[in-house]
Amino acid sequence: IVQEEDSKLTLFPYGDVGISFYTGEGAIKTASVNVGVWNALLTGSSGLDGDTNKMHYELDFYSTLNLGFGGGVSLGTTYTAYTSPNGRFGTVQELAFKVAKTQSFGALKTETLGPYALIAFELDGQADGGSNEGVYLELGVGPSWTFAGGKVSFAVPVKFGFSLSDYYEGPDGDSGFGYFQAGGLFTIPFSDATSKYGAWNFHGGVDFYAFGDTTKAFNNGDSGQAVASFGIGVVY
């Protein structure tokens, strides 16, 4: 969903803290909690160049309970509050459930497939500009390969987004198909994993989108879009 009509430089700083609090041999193998914030800093028409002259367009808070089961299957339950510090949209609260499976493939079993399914419910407020809280379904897979002795990775994320109920409301009502996305992402480390300053990496790639009726309307009638991104990450 387009966030500004005249976009310029956009930054997405975020932080995540994960705490593992259980490891066992029963039906539940692991349990952990992640808490994080995600921000969108816009210099275009929805941010610094807009009527508020404030670049802090979006601040999202989330908390996830992760449960790990046998066979590489996991269940994540996430609460997210989407807010706009510069007042460009109303707060949306959402509850999502994600089932994923870690699966290796290839001759050396160093590649992973990562199929998953996610369903999200808008609890209060909604993001599509319609009048009803919606239900969203996402199906995806993220095959990845490693190179240079496991130091460099390349992933090809593929996902489909659907509306199960009022999630993509548009001029002609709710659109069941929201979008298809496929892309490529390289991650290249440039510090030693044992460094006291953490493991730093450079990552970048390109994603290609195909839109359904509502998302096409939000994109000024364009049936697709290509988005390039890059960033620097650190893991402690």
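Just above, that's the structure.
Note that this is a predicted model, so its numbers are computed, not measured.

J.: Is there a simple way to explain the nonpolar core in this structure?
T.: Generally speaking, a soluble globular protein has its nonpolar side chains buried in company with each other. With 10 residues, the main nonpolar core is built from Ala96, Ala100, Tyr116, Leu118, Ala120, Tyr136, Tyr167, Tyr168, Tyr179 and Phe211. With residues up to four places along the chain from it excluded, the contact list for tyrosine 168 reads Asp128, Tyr136, Gly161, Phe162, Ser163, Gly173, Asp174, Ser175, Gly178, Tyr179, Thr214 and Thr215.

J.: Help me understand unusual backbone geometry, please; the structure alone is not making it clear to me.
T.: Trans peptide bonds make up the majority, and among non-glycine residues the majority have a negative phi. One non-glycine residue, asparagine 53, lies in the positive phi region at around 60°. On the secondary structure map, asparagine 53 appears in the loop between strand E3 (30-42) and strand E4 (56-68). At asparagine 220, a position not held by glycine, the phi torsion is positive, near 55°. Summarising the element assignment, asparagine 220 is placed in the loop between helix H1 (213-218) and strand E18 (224-235).

J.: Explain the side chain of threonine 214 to me, please; I cannot follow it from the model alone.
T.: Of note, threonine 214 is situated in helix H1. What makes threonine 214 buried here is its relative accessible area of 3%. Of note is the side chain of threonine 214, whose polar atom sits 2.8 Å from the backbone oxygen of tyrosine 168. Leaving out residues up to four positions away in the same chain, threonine 214 has contacts with Tyr168, Glu169, Gly170, Gly173 and Ser175.

J.: Please explain the packing of aromatic side chains as it appears in this structure.
T.: Describing an aromatic ring pair means giving the distance of the ring centres and the angle of the ring planes. Scanning the model with the defined rule gives 14 aromatic pairs in all. What links up through ring pairs into an aromatic cluster is the set Phe160, Phe162, Phe177 and Phe180. When the ring centre of tyrosine 116 is taken as origin, the NZ or CZ atom of lysine 98, which lies over that ring, is 4.5 Å away.

J.: Can you help me understand the pattern of salt bridges in this one?
T.: Between side chains of opposite charge, a pair can form when the charged atoms approach closely. Under the counting rule described, the total for this entry stands at three salt bridges. Two residues, aspartate 49 and lysine 8, come together in a salt bridge whose shortest N-O distance is 2.6 Å. In this pair, aspartate 49 sits in the loop between E3 and E4 while lysine 8 sits in the segment before strand E1 (10-11), placing the two residues 41 residues apart along the sequence. With relative accessibility at 44%, the residue aspartate 49 sits in the partly exposed group. In this structure, the salt-bridge partner of lysine 159 is glutamate 138, at a minimum N-O distance of 3.8 Å. Taken as a pair, lysine 159 in strand E13 (residues 158-165) and glutamate 138 in strand E10 (residues 135-141) lie far apart in primary sequence, 21 residues in all. With a relative accessible area of 21%, lysine 159 lands in the partly exposed category.

J.: Please clarify how the side chain of serine 163 should be interpreted in this entry.
T.: Mapped onto the elements, serine 163 comes out in strand E13. A distance of 3.4 Å separates a polar side-chain atom of serine 163 from the backbone nitrogen of aspartate 166. In terms of polar contacts, serine 163 uses its side chain to reach the side chain of aspartate 174, at 2.9 Å. Contacts of serine 163, omitting those with residues within four sequence positions, involve Val135, Tyr168, Asp174, Ser175 and Gly176.

J.: For this particular structure, what's the right way to read the environment of glutamine 126?
T.: Note on placement: glutamine 126 falls in the loop between strand E9 (116-124) and E10. Among residues more than four places away in sequence, those in contact with glutamine 126 are Val92, Ser131, Asn132, Glu133 and Glu169. Here the side chain of glutamine 126 touches glycine 130 through a polar contact of 2.9 Å, landing on its backbone oxygen.

J.: Would you take a moment to explain the pairing of strand E12 (residues 152-155) for this structure?
T.: Each regular strand carries side chains that alternate between the two faces of the sheet. Examined bridge by bridge, strand E11 (residues 144-147) and E12 share four bridges and lie antiparallel to one another. Paired with phenylalanine 147 across the strands is valine 152, a residue of E12. Connecting the antiparallel pair E11 and E12 is a turn made up of four residues, with alanine 148 showing a positive phi of about 55°. Two strands pair when backbone bridges link them, and E12 and strand E16 (residues 177-189) are joined in this way by three bridges, in the antiparallel orientation. From the neighbouring strand, alanine 155 faces E16, where its bridge partner is leucine 185.

J.: What is the right way to look at the pairing of E10 in this model?
T.: Pairing between E9 and E10: six bridges, direction antiparallel. Bridging across to E10, alanine 117 finds its partner in leucine 139.

Criteria and cut-off values
- Residues numbered from 1 in each chain as written.
- Predicted model: local features only at pLDDT ≥ 70, side-chain atom pairs only at ≥ 80, totals over all residues.
- Heavy atoms only, no water.
- Core = buried A, V, L, I, M, F, W, Y, C linked by side-chain atoms within 4.5 Å.
- Buried < 20%, exposed > 50% of the residue type's maximum accessible area, 1.4 Å probe, protein only.
- Contact = heavy atoms within 4.5 Å.
- Helix = DSSP H or I, 4+ residues; strand = E, 2+ residues; numbered from the N terminus.
- Polar contact = N/O pair within 3.5 Å; in protein donor to acceptor, adjacent residues only side chain to side chain.
- Phe/Tyr/Trp six-rings, centres within 6.5 Å; stacked < 30°, edge-to-face > 60°.
- Lys NZ or Arg CZ within 6 Å of the ring centre and 35° of its normal.
- Salt bridge = Lys/Arg side-chain N within 4 Å of Asp/Glu carboxyl O.
- Pairing = 2+ DSSP bridges.

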